[in-house]
Structures are given as C-alpha cells and as structure tokens.
Amino acid sequence: MALGLLSLPLHAQEADDDTHWVSDSLTTYVRSGPTDGYRIIGTLTAGEPVTLLETSGDYSRVEDGDGSTAWVLSSELQETPSAQVRLPELESRLAELTGELDGINDEWESRVASMTESLGAREQRIEELESRNRELDAEAEQSRGTIRQLQARLDTQEEDLLLRYFMYGGGVAGGGLLVGLIIPHLPRRRKKRDRWF
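Throughout this document, residue positions are counted from 1 along each chain, in the order its sequence is written. Predicted model: local features are reported for residues with pLDDT of at least 70 only, side-chain atom pairs are reported and counted for 80 or more only, and whole-chain, interface and lining totals are derived from all residues. The side-chain values count all of the structure's non-hydrogen atoms but skip hydrogen atoms and water molecules.

A. Highlighting the confidence of the model for the protein chain. As a per-residue measure, pLDDT tells how confident the predictor is, with possible values from 0 to 100. Summary statistics for the protein chain give a mean pLDDT of 79 and a share of 80% for residues scoring 70 or more. Whether two residues touch is decided by their heavy atoms; if any such pair falls within 4.5 Å, the residues are in contact. When the criterion is pLDDT under 50, residues 1-15 qualifies, and its contacts beyond four places in sequence or with other chains add up to 16 contacts.

So this is what it looks like as structure tokens:
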C-alpha cells in the first residue's frame, strides 16, 4: 500500500512529450549511428534525462541537456524517472510517512499510558473496596459474637429469674401451708358471756 502511495507522484513525472531517462546502469555508451558498427563517441550519466528524437532498429537517437545528440540502445532508456531522480522525492515521502508514523505512535503511547493509569486507579479502588469489605466482615463477625454472648447472658438471666420466681412462689406456698397447719392447733380464746342484769 505504501509503495502505491509512493508511486502516485511518479506517474505525474512521466513525460507527455518525448522525454526519457537513461537507465540506472553504471555506464551507458552512445554511438555516432544506430548500429553496433558505429563508433562509441561518449557516455551518458545514469538517470540523466534525454529527449527522444527518433528510433531505428535497436537504437534511439537522443538529445541531452547540452543539445548534443547521439545514438543509444533503446533498451537502456526508460519512460519513468530513474531512481536517481526519484530518490529525493522518495526520501521526502519517507520522511513524511515517518513523521506520520511517529505521530500515530506517540498518540497510541499516550492512549495506552492513559488507559494504564485508569486501570491502575481502578485496581487501587477495587483493592480499597476489598479491604473495606474485609474490615466490615470482621466487624460483622465480631458483632455476631457479641450478640451470641448477650443472648447467652439473657438466657441465663431468664433462667435465674424463673428459678427465683419458683423459689418465691414455693416459699409463699410453703408459708401458707405452714400457717394453715399451725392455726388449727392454737388454743382458742373463750368468749365472754354477756350478762344481763
């Protein structure tokens, strides 16, 4: 995908006229005529733009930037800019994409750091709640123990109270019985006779 993006501006550089570029070979020989029989009269720099004037067989006559013409193998010409020409643009595009990538990476790291911080705060809150829950459980257990102790004391007090009631009631009943047994055996007082004169 990145290569497709990089290639878009290069198509715009493809010549609508007869401009061609010398291939990226180290040395491109040029001849005085359109066959191998013609003598070599010089070289063209790799990546150098030239104007295509005509083609004959395997050779093409080209004109360089200085206005000199010569014949060069057609296979050593290309219709797209050479790597040498494209390199600055590729480097610029690479720097642009690297900057975008750095921006995305920084944003992602910031979001991850924010999520990590939020997660840490939530974990701390959960830990605090769990600690508080344990404290409440301990307090509840202690309260249940206290309630059991109070209930046991209340049961004991109720038993003591019932025992006291029984003893008190038994004492009263026993006293009454004793009085009932004693009274009949007490000597009776004689009634005084009323005399009428």
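B. Just the environment of Ser68, in detail. Secondary structure follows DSSP: runs of H or I at least 4 residues long count as helices, runs of E at least 2 residues long count as strands, and numbering of each begins at the N terminus. Inspection of the secondary structure assignment puts Ser68 in the loop between β5 (59-63) and β6 (69-73). As for Ser68 and Val50, which are separated by 18 residues in sequence, their C-alpha atoms are 9.9 Å apart. Ignoring anything within four residues of it in the chain, the contact list for Ser68 reads Val62 and Glu63.

C. A look at the pattern of salt bridges. Any carboxyl oxygen of Asp or Glu that lies within 4 Å of a side-chain nitrogen of Lys or Arg is treated as forming a salt bridge with it. Tallying each qualifying case throughout the model produces six salt bridges. For Arg93, the salt bridge identified is with Glu96, shortest N-O distance 2.9 Å. You can see Arg93 and its partner Glu96 sitting in helix α2 (residues 83-182), three residues apart, about one turn around the helix. Under the scheme applied here, a residue whose accessible area is under 20% of the maximum for its type counts as buried, over 50% as exposed, and between as partly exposed, the area being computed with a 1.4 Å probe on protein chains only. The class of Glu96 is partly exposed, set by a relative accessible area of 40%. Salt bridges sharing common partners tie together Glu141, Arg144 and Arg148.

D. Spotlight on the nonpolar core. Here, the term nonpolar core denotes a set of buried Ala, Val, Leu, Ile, Met, Phe, Trp, Tyr and Cys residues that are joined through side-chain atoms within 4.5 Å. Within the largest apolar cluster, eight residues are counted, these being Val30, Leu44, Val50, Leu52, Val62, Ala70, Val72 and Leu77. Contributions of two or more residues to this core are made by β4 (49-56) and β6. What Ala70 contacts, discounting residues up to four positions off in sequence, is Val30, Arg31, Ile41, Ser60, Arg61 and Val62.

E. Focus on the side chain of Asp64. Tracing the chain through its elements places Asp64 in the loop between β5 and β6. Between N or O atoms, a polar contact is any pair within 3.5 Å; within protein, one atom must be a potential hydrogen donor and the other a potential acceptor, and residues adjacent in sequence are included only when both atoms are from side chains. From its side chain, Asp64 meets the backbone nitrogen of Ser68 in a polar contact 2.9 Å long. The residues touching Asp64, leaving out its near neighbours within four places in the chain, are Leu44, Glu48 and Val50.

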